[in-house]
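# Topology and contacts: notes
Each chain, letter by letter, is given below.
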Amino acid sequence: MAFETLSDKLQSALNGITKKGRLTEADVDVMLREVRLALLEADVNIKIIKAFIADVKAQAIGDKVMKSLTPSQQVVKIVNEELTKLMGTEAVGINFKTAGPTVLMMVGLQGAGKTTQTGKLANFLRKKEKKKPLLVACDVYRPAAVDQLKTLGKQLDMPVFEKGVSESPVAIAKEALAYATAHDHDLVIVDTAGRLHIDETLMDELAQVKQVVHPSEILLVVDAMTGQDAVNVADTFHQQLSLTGVILTKLDGDTRGGAALSIRKMTNVPIKYIGLGEKLDALERFHPERMASRILGMGDVMSLIERAQDSFDEEEDMKMAEKMMAGTFDFNDFLQQMKMMKRLGKMEDILKMLPGVGGKLKDVNIDPKQMARTEAIVYSMTEKERKEPSVINQSRKDRIAKGAGVQVTEVNQLIKQFSEMKKMMKKFSNMDEKQMERAAAAMQRGGGGAMLPGAMTGGNRAARRGKGKGRGGFKF
């Protein structure tokens with residue numbers, strides 16, 4: 001997750017007061033000192049830190065908080081709200097034109113991932129906004145930049161307008177806009193040239209491209225790992241081009257986080273999207289309130305639900321739920337479910353989006369190879385064994401274990417868990433809504449309900465659907 005170190009330190013600071021029944025001003029001061037250090041280490045601008053601490057303290061030591069029944073929880077709420085405000089309060093989307101193609105200009109320094117983000121953004125807006133994008137290769141200086149965009153276009157099955165490296169970026173952009181209009185493209189994303197550092201020539205060229213294409217949005221791509229430098233870059237580009245938004249890349253690592261916490265306040269330019277990995281679907285709209293909750297270890301259930309909705313096919317999901325309810329769910333279905341799980345991303349990232357889970361993961365050993373071993377076991381079964389696990393005797397288990405390269409005990413464990421899950425689903429199918437909620441809560445308290453370490457069974461969700469209640473919760 002982004003800002004892991006910052007997240008750990010802020011949670012540690014807040015944990016110090018949540019254990020206290022009543023709070024004093026001294027308690028708040030100790031907590032705020034730790035918060036200040038955490039923000040400094042995250043490379044947040046010092047002016048922002050001072051204002052943030054002052055705002056939190058002014059609210060935290062007020063009578064309304066100090067005399068409340070749960071003062072520590074009120075302070076955590078205040079920190080969460082102020083973090084959210086720092087990053088912009090609410091999500092800001094793309095300003096689409098009502099007539100003619102909407103033009104987005106992608107700008108930034110070399111190495112920030114601008115060309116890759118161009119492909120990601122086009123993919124995102126095609127899926128989410130039902131747009132028909134045209135990618136435009138205007139980076140004629142960086143070696144292989146045009147080829148890189150063409151490769152991305154091929155991977156995404158998306159057209160790329162390019163004229164090689166002989167024409168000027170201004171001429172290419174102008175021709176591309178005419179082409180888009182003639183071919184009914186309602187979205188044009190222009191990948192402009194970057195530089196190793198900001199210079200006058202770069203800015204003049206970008207200003208000329210802007211004058212020709214009249215973009216609805218000028219989006220700056222910045223590397224979140226550069227911390228405060230990212231804010232300086234954003235400020236310079238904004239002064240020259242009047243930016244409308246920022247895309248922060250490399251937020252999937254343990255970045256310092258200063259960029260996300262400083263850019264909006266320092267430049268008044270909203271962060272619109274965040275890059276969370278190398279895959280072409282690893283882009284998310286930036287929600288300040290969700291990011292604040294993630295940083296403070298409160299989870300991000302809404303983003304998890306959205307990710308699941310994108311990853312799971314509704315009709316396929318319903319068929320799976322019906323099989324679960326009828327008790328006809330077999331290992332072939334289980335394999336299919338594992339494939340669906342992979343689309344969600346890394347298990348560690350998924351778990352961190354659940355409230356109260358992220359901070360406890362340090363004590364949990366999530367084996368990234370577990371899913372691969374489980375898949376190997378199922379693939380080593382015959383078609384009959386997958387459909388009728390009851391036929392798997394000891395000799396078959398020995399053969400399956402040998403084929404999968406695992407111990408027989410792992411085969412036994414998987415078959416046992418699979419059998420228990422089917423029994424659980426049958427019980428769920430006969431429960432009403434309240435009984436299911438009580439059963440799910442009991443399993444969570446007992447640590448049960450998981451089909452295998454780090455995999456989603458879909459049990460609770462399927463059970464709810466089997467009752468016709470619509471999309472339900474997740475069961476890990």
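Position labels on residues start from 1 in each chain and follow its written sequence. Side-chain atom pairs in this predicted model are given and counted only at pLDDT of 80 or more, local residue features only at pLDDT of at least 70, and totals for whole chains, interfaces and linings cover all residues. Remark: hydrogens and water are excluded; side-chain values derive from all non-hydrogen atoms of the structure.

## Let's talk about a nonpolar patch on the surface
Every patch collects residues that have over 30% relative accessible area and no salt bridge, joining them within 9 Å if they carry like charges and within 5 Å if they are nonpolar side chains (Val, Leu, Ile, Met, Phe, Trp, Tyr). Here, Shrake-Rupley sampling with a 1.4 Å probe gives the accessible areas, and only protein chains in the shown set may cover a residue. Should a side-chain nitrogen of Lys or Arg be within 4 Å of a carboxyl oxygen of Asp or Glu, the pair is scored as a salt bridge. Taken together, the side chains of Leu37, Leu40 and Ile46 make up a nonpolar region of the molecular surface, amounting to roughly 270 Å² of accessible area. Comment: elements are numbered from the N terminus, with helices defined as DSSP H or I runs of at least four residues and strands as E runs of at least two. Relative to the helices and strands, Ile46 resides in helix α3 (residues 46-60). A relative accessible area of 45% means that Ile46 is categorised as partly exposed. For each residue, the accessible area found with a 1.4 Å probe, counting protein chains only, is set against the maximum for its type, and the residue is called buried under 20%, exposed over 50%, and partly exposed in between.

## Points about the packing of helix α5 (residues 71-87) against helix α11 (residues 258-267)
Contact pair α5 / α11: the axes reach a minimum separation of 7 Å and the direction vectors enclose 60°. In terms of their interaxial angle, α5 and α11 are classed as oblique. Every residue of α11 that contacts α5 at Leu83, Leu86 and Met87 is listed here: Ala260, Leu261, Arg264 and Lys265. Helix axes are fitted to C-alpha atoms over the stretch in contact, other axes to C-alpha atoms as well, and angles between N-to-C directions run from 0 to 180 degrees. Each angle receives one of four descriptions, namely roughly parallel if under 35 degrees, roughly antiparallel if over 145, roughly perpendicular if within 65 to 115, and oblique otherwise. Any two residues whose heavy atoms approach within 4.5 Å are treated as being in contact.

## Notes on the nonpolar core
Buried residues of nine kinds, namely Ala, Val, Leu, Ile, Met, Phe, Trp, Tyr and Cys, make up a nonpolar core once their side-chain atoms join them within 4.5 Å. Judged by nonpolar contacts, the single largest core of 77 residues is most densely connected at Phe237 and Leu248. Ranked by the residues each element gives to this core, the list is headed by α5, at seven residues. Core analysis: the next-biggest nonpolar cluster, separate from the first, contains 23 residues, Leu104, Leu135, Ala137 and Leu187 among them.

## Side note on the pairing of strand β5 (residues 217-223)
Counting buried positions along β5 gives seven out of seven residues, so the element sits mostly inside the fold. Burial along β5 is two-sided: the face carrying Glu217, Leu219, Val221 and Asp223 and the face carrying Ile218, Leu220 and Val222 are both buried. Here, a strand pair is defined by DSSP locating no fewer than two bridges between the strands. Relative to β5, strand β1 (residues 102-107) runs parallel, the two sharing four bridges. Bridging from a neighbouring strand, Leu104 pairs with Glu217 of β5. The handedness rule is simple: strands pointing away from the viewer, and a clockwise path from the first strand over the helix to the second, make the crossover right-handed. Handedness of the β5-helix α10 (residues 228-241)-strand β6 (residues 245-249) crossover: right-handed.

## Observations concerning the pattern of salt bridges
Counted by the stated rule, this structure contains 17 salt bridges. The partner of Lys114 in a salt bridge is Asp191, with the nearest N and O atoms 3.6 Å apart. Taken together, the residues span a long stretch of sequence, with Lys114 in helix α6 (residues 114-129) and Asp191 in strand β4 (residues 187-192) at a distance of 77 residues. Classification of Lys114 as buried rests on a relative accessible area of 6%. Take Asp191: its relative accessible area is 1%, and that puts it in the buried class. Its salt-bridge partner being Asp139, residue Arg142 comes within 3.5 Å of it at the nearest N-O pair. Given a relative accessible area of 3%, Asp139 falls into the buried group. Taken together, the salt bridges that share partners define one network made up of Glu25, Asp29 and Lys57.

## A closer look at the packing of aromatic side chains
For this analysis, a ring pair means two rings from Phe, Tyr or Trp (six-membered ring only for Trp) whose centres lie within 6.5 Å, classed as stacked if their planes differ by under 30 degrees, edge-to-face if by over 60, and tilted for the remaining angles. What the rule picks out here adds up to six aromatic pairs. What links up through ring pairs into an aromatic cluster is the set Phe329, Phe331, Phe334 and Phe418. The positively charged end of Lys131 is found above the aromatic ring belonging to Phe96, 4.4 Å away from the centroid. Sitting over a ring, as applied to charges here, requires NZ of Lys or CZ of Arg to be within 6 Å of the ring centre and within 35 degrees of the ring normal.

## Digging into unusual backbone geometry
Phi is positive for Asp184, which is not a glycine, with a value near 60°. Although it is not a glycine, His214 adopts a positive phi angle of roughly 45°. Secondary-structure assignment places His214 in the loop between α9 (200-213) and β5.

## Some thoughts on the side chain of Asn80
Along the chain, Asn80 turns up in helix α5. The contact partners of Asn80, leaving out residues within four places of it in the chain, are Ala292, Ser293, Leu296 and Met298.

## Observations concerning the sheet that holds strand β3 (residues 160-161)
Across the sheet, eight strands lie side by side as β3-β2-β4-β1-β5-β6-β7-β8; this open sheet has mixed pairing. Each of the sheet's edge strands pairs with one partner strand only, and the pair in question is β3 and β8 (283-285). In this sheet, β4 lies alongside β1 in parallel orientation, the contact comprising five bridges. Its bridge partner being in β4, Thr102 is matched across the sheet by Leu187. Contacts from helix α8 (residues 169-182) reach β1, β2 (133-138), β3 and β4, with the element oriented near 165° to β2.

## Concerning the environment of Ala54
Here Ala54 lies in helix α3. Note on Ala54: relative accessible area 44%, which makes it partly exposed. For the pair Ala54 and Leu32, spaced 22 residues apart in sequence, the C-alpha to C-alpha distance is 9.4 Å.

## Side note on the pairing of strand β7 (residues 271-275)
As a general feature of sheets, a regular strand has side chains that alternate between the two faces. For β7, the buried fraction is high: five of the five residues fall into the buried class. Pairing analysis gives three bridges linking β6 to β7, with the strands arranged parallel. Across the sheet, Val246 pairs through a bridge with Ile271, a residue of β7. The sheet contact formed by β7 and β8 spans three bridges and is antiparallel. For Gly275, the partnering residue across the bridge sits in β8 and is Leu283.

## Comments concerning the packing of α5 against helix α12 (residues 288-295)
For the pair α5 and α12, interaxial distance at closest approach is 8 Å and the crossing angle is 135°. Between α5 and α12, the interaxial angle falls into the category oblique. Crossing angle aside, the handedness with which α5 passes α12 is right-handed. For the pair formed by α5 and α12, the contact residues are Asn80, Leu83, Thr84 and Met87 on the first element and Pro288, Glu289, Met291, Ala292, Ser293 and Ile295 on the second. Less than a right angle of anticlockwise turn of the near helix away from the far helix marks a crossing as left-handed, whereas a clockwise turn marks it as right-handed.

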